[in-house]
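Coordinates in review
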Amino acid sequence: MSDLFNLFNTSASALTAQSARLNTVSSNLANANTAAGSAEEAYRGKHVLFQAAMDQASRDGTATPVRVARIEESDAEPQMHYEPHHPKANDDGYIFRPAVSVVEEMANMMSASRNYEANVEVMDTTRQLMMRTLQMGGQG
């Protein structure tokens, strides 16, 4: 029965991690077309890095939880566009937009969403197994 509880913990940690990933993707998509007057002011895309959380449960051979190790800012240089009439254009008429690929971010969002759904399914199946185990114990 304790192995089933470990599955809950592992899935819960994965839900938290995927939620952070979805929030980061949302931020990237929301800022994908923002303009700045200099490269330093431009939005930088963010990426979530996961880490396996080696706890006592994982040392015993059961599932290993995951956690967000950190959120890193992209080192990709902002894209310079000549738009002299833009209100944020610099003295030379250039604005800077983040190097965020909307297509890549949408793929990340779909992946995170599917991972989130899969972990919800794992938790639901685990709950059902626990309920059946308790029912079997009550019949004896």
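This text goes with the structure placed above it.
Residues numbered from 1 in each chain as written. Predicted model: local features only at pLDDT ≥ 70, side-chain atom pairs only at ≥ 80, totals over all residues. Heavy atoms only, no water.

Within the fold, Ser26 resides in helix H1 (residues 2-30). The partly exposed category is assigned to Ser26, whose relative accessible area is 41%. The spacing of Ser26 and Glu105 is 79 residues in sequence and 8.3 Å in space, taken between C-alpha atoms. (Helix = DSSP H or I, 4+ residues; strand = E, 2+ residues; numbered from the N terminus. Buried < 20%, exposed > 50% of the residue type's maximum accessible area, 1.4 Å probe, protein only.)

A few words now on the side chain of Ser13. Secondary-structure assignment places Ser13 in helix H1. At 2.7 Å, the side chain of Ser13 forms a polar contact with the backbone oxygen of Thr10. Setting aside chain neighbours within four positions, we find Ser13 in contact with Pro65 and Val66. (Polar contact = N/O pair within 3.5 Å; in protein donor to acceptor, adjacent residues only side chain to side chain. Contact = heavy atoms within 4.5 Å.)

Another aspect to go through is empty space enclosed by the protein. Applying the stated criterion across every chain yields a total of one cavity of 30 Å³ or more. What the largest cavity holds in volume is close to 30 Å³. Lining the largest cavity, in full, are Tyr43, Arg44, Gly45, Ser74, Ala76, Pro98, Ala99 and Val100. A class-by-class count of the residues in the lining of the largest cavity yields five nonpolar, two polar and one charged. (1 Å grid on protein atoms, 1.4 Å probe; cavity = no way out; pocket = protein on both sides within 12 Å on 5 of 7 lines; lining within 4 Å. Points joined across faces, edges and corners; volume = space filled by probe spheres on them. Nonpolar A, V, L, I, M, F, W, Y, C, P; charged D, E, K, R; others polar.)

Interpretation note: all reported values are geometric properties and have no functional meaning in isolation.
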